[in-house]
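Summary of structural features
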Amino acid sequence: MHREHIERVYGGNVAFSGEPIPFKLLLVLFTNRSGSNRVCDALLSTGQLGMGVEYLNWDVVERMRPVIGADSFDGHMRWLADRTARNRVFVLKAGHEQFEMLADWGYVGAFSQTRAAFCTRRDALGQAISFSIADQTKAWSSIDAKAQEVEPAYDREDIQNRLNGVMAEAERIRALLARTALPAVEVEYERFDADPGGHVAAIGELIGERLVYAPERTRLRRQATALNEAWRARFLSGD
């Protein structure tokens with residue numbers, strides 16, 4: 001979806017030009033509800049990095065093009081890096097399709113350094129339940145201004161489809177990491193929750209920066225409520 005739309009936005013002029021982009025690139029790779037927003041919030045808290053944003057969503061690319069004024073996706077990426085990077089590090093969120101797109105178009109090797117933090121979640125069922133709830137409420141984070149006052153409806157088939165989907169997408173990301181040989185650290189949701197500072201430091205070591213987590217500067221919190229556990233019990237019971 002994203003690839004085809006972005007190709008249309010830039011008339012097919014999407015490949016890396018070959019002129020190095022003089023920034024480090026940190027890709028925050030994710031599947032839906034794997035905790036990537038909280039990881040990005042923790043990285044932002046250090047004061048050394050900017051906020052990781054899904055700049056590669058096709059609708060975001062389309063909306064930003066008139067502002068950027070670029071005639072190619074290469075120009076688009078350079079503008080983003082120049083305007084959003086802190087400490088010469090461009091933090092960019094990407095799902096499996098967007099990661100594949102960047103690899104195919106040459107951007108994994110376009111920057112002075114490219115590294116990845118791969119956000120995963122051991123509890124895939126909990127992830128699927130969270131995904132189902134968030135897709136109905138539109139509360140994609142604990143401070144999402146677009147959240148709607150709706151009562152989410154339990155749907156076993158929907159949860160099963162999302163469970164299958166997030167597991168398949170995670171495997172596609174693993175395959176792409178192997179294909180690109182991109183240095184990466186895995187940030188597992190459950191372990192990050194127990195030690196965010198340690199994970200932030202590990203990401204800093206990966207990119208060659210000293211990063212110190214500052215919890216008092218973070219804004220995002222876990223969103224799970226008793227509803228998540230009630231849906232888990234229903235799902236496991238076969239309902």
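Keep in mind the model is a prediction, meaning the values are calculated, not measured. (Residues numbered from 1 in each chain as written. Predicted model: local features only at pLDDT ≥ 70, side-chain atom pairs only at ≥ 80, totals over all residues. Heavy atoms only, no water.)

A separate point is the environment of A201. Positionally, A201 belongs in helix α9 (residues 196-207). Looking at A201, the relative accessible area reads 36%, which means it is partly exposed. Considering only alpha carbons, one finds A201 and P215, 14 residues apart in sequence, at a separation of 13 Å. (Helix = DSSP H or I, 4+ residues; strand = E, 2+ residues; numbered from the N terminus. Buried < 20%, exposed > 50% of the residue type's maximum accessible area, 1.4 Å probe, protein only.)

What follows concerns the packing of aromatic side chains. Counted under the stated rule, the structure contains seven aromatic pairs. Summarising the aromatic geometry, the rings of Y154 and W231 are spaced 5.6 Å apart at their centres and angled 80 degrees between planes, so their arrangement reads as edge-to-face. Here W231 lies in helix α10 (residues 226-236) and Y154 lies in the loop between α6 (124-137) and α7 (156-180), a separation of 77 residues in the sequence. Taken individually, Y154 and W231 each receive the classification buried, so the pair is uniform in this respect. When the ring centre of F235 is taken as reference, the NZ or CZ atom of R156 above it lies at 4.1 Å. (Phe/Tyr/Trp six-rings, centres within 6.5 Å; stacked < 30°, edge-to-face > 60°. Lys NZ or Arg CZ within 6 Å of the ring centre and 35° of its normal.)

Time to look at helix α4 (residues 73-84). With twelve residues, α4 extends 16 Å between its outermost C-alpha atoms, agreeing within 8% with the 16 Å of an ideal straight helix rising 1.5 Å per residue. Of the positions making up α4, those classed as buried are F73, D74, H76, M77, L80 and A81. What you see down the axis of α4 is that its buried residues fit within an arc of 160 degrees, all on one side. In the core, the buried residues of α4 are packed alongside α1 (2-9), β1 (21-29), α3 (58-68), β2 (89-94), α5 (96-105) and β3 (111-120). (Expected span 1.5 Å × (residues − 1). Arc of directions from axis to C-beta. Contact = heavy atoms within 4.5 Å.)

Another point: unusual backbone geometry. Of note, the phi angle at R88 is positive, near 65 degrees, even though the residue is not glycine. You can see R88 is positioned in the loop between α4 and β2. On the basis of relative accessible area, R88 is assigned to the partly exposed category, the value being 46%. Its identity as a non-glycine residue notwithstanding, A181 has a phi of 55 degrees, on the positive side. Relative to the elements of secondary structure, A181 occurs in the loop between α7 and β4 (184-188). Judged by relative accessible area, which is 60%, A181 ranks as exposed.

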